[in-house]
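# Observations on the three-dimensional arrangement
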Amino acid sequence: ALPGPGQELQAGQLYWITDRTPHESLALPEGSYRQFFRLVTSQVSLWYENHSTHNPLGVEPDPSITRVVVGDKFGDDGVEVVEPDPSALERRMEELERLRQNSDSDTE
């Protein structure tokens with residue numbers, strides 16, 4: 001059960017919610033437009049591959065934090081958690097080390 005009746009969001013406002021925040025899309029009057037953007041940062045529990053854009057620089061979700069899910073999260077068939085590629089964590093560690101080295105060289 002949800003902790004309360006919820007809150008209708010106001011137009012022109014910016015709201016910070018997490019991937020674990022229950023939310024829904026309400027019906028709009030005909031001819032209306034819905035506008036939103038989603039900024040995904042670190043510490044995301046699930047990354048929905050079918051509903052998200054891959055990072056053009058090749059950055060992948062951290063497999064020790066984020067589970068990749070495939071399938072239509074709005075469909076009746078459900079979704080499936082993808083087991084991480086064993087090399088994904090290694091690639092993540094290499095990327096972090098590269099970033100650390102770049103950061104260290106910037107401070108010298």
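A brief look at the structure comes next. In this text the structure is predicted, and so the values were computed from the model without any measurement.

The next point concerns the overall build of the chain. Tallying secondary structure elements over the chain gives one helix and three strands in all. By the compact-globule yardstick of 13 Å for 108 residues, the chain is too spread out, its C-alpha radius of gyration being 18 Å. Sequence-distant contacts in the chain: of pairs separated by 6 or more residues, those separated by 24 or more amount to 22%.

A few words on the pattern of salt bridges. Following the criterion strictly, the structure yields four salt bridges and no others. Here glutamate 60 makes a salt bridge to arginine 91, at a shortest N to O gap of 2.8 Å. Highlighted residues: glutamate 60 in the loop between strand S1 (46–48) and strand S2 (67–70) and arginine 91 in helix H1 (residues 86–107), separated in sequence by 31 residues. Between arginine 100 and glutamate 97 there is a salt bridge, with its nearest N and O atoms 3.6 Å apart. Of this pair, arginine 100 and glutamate 97 both sit in helix H1, three residues apart, roughly one helical turn.

Turning our eyes to something else, we now look at the pairing of S2. Sheet topology places S1 next to S2; three bridges connect them, and they run parallel. Its bridge partner being in S2, tryptophan 47 is matched across the sheet by valine 68. Sheet topology places S2 next to strand S3 (residues 80–82); three bridges connect them, and they run antiparallel. Residue pairing across strands places valine 70 opposite glutamate 80, the latter belonging to S3.

Turning to the sheet that holds S3, a few remarks are in order. In spatial order, the strands read S1-S2-S3; together these three strands make up an open sheet with mixed pairing. Of all strands in the sheet, those bounded by a partner on one side alone are S1 and S3. Looking at each pair of strands side by side, their axes are set apart by 40° on average, direction ignored.

Relative to the helices and strands, leucine 99 is located in helix H1. Along the backbone, leucine 99 and proline 56 are 43 residues apart, and their C-alpha atoms lie at a distance of 17 Å.

On to the environment of threonine 18. If you trace the backbone, threonine 18 turns up in the segment before S1. In the structure, threonine 18 is positioned 25 residues away from glutamine 43 in sequence and 9.4 Å away in space, judged by C-alpha atoms.

Scoring rules and cut-offs
Residues numbered from 1 in each chain as written. Predicted model: local features only at pLDDT ≥ 70, side-chain atom pairs only at ≥ 80, totals over all residues. Heavy atoms only, no water. Helix = DSSP H or I, 4+ residues; strand = E, 2+ residues; numbered from the N terminus. Rg over C-alpha atoms; globule rule 2.2 N^0.38 Å. Contact = heavy atoms within 4.5 Å. Salt bridge = Lys/Arg side-chain N within 4 Å of Asp/Glu carboxyl O. Pairing = 2+ DSSP bridges. Axes fitted to C-alpha atoms, helices over the stretch in contact; angles between N-to-C directions.

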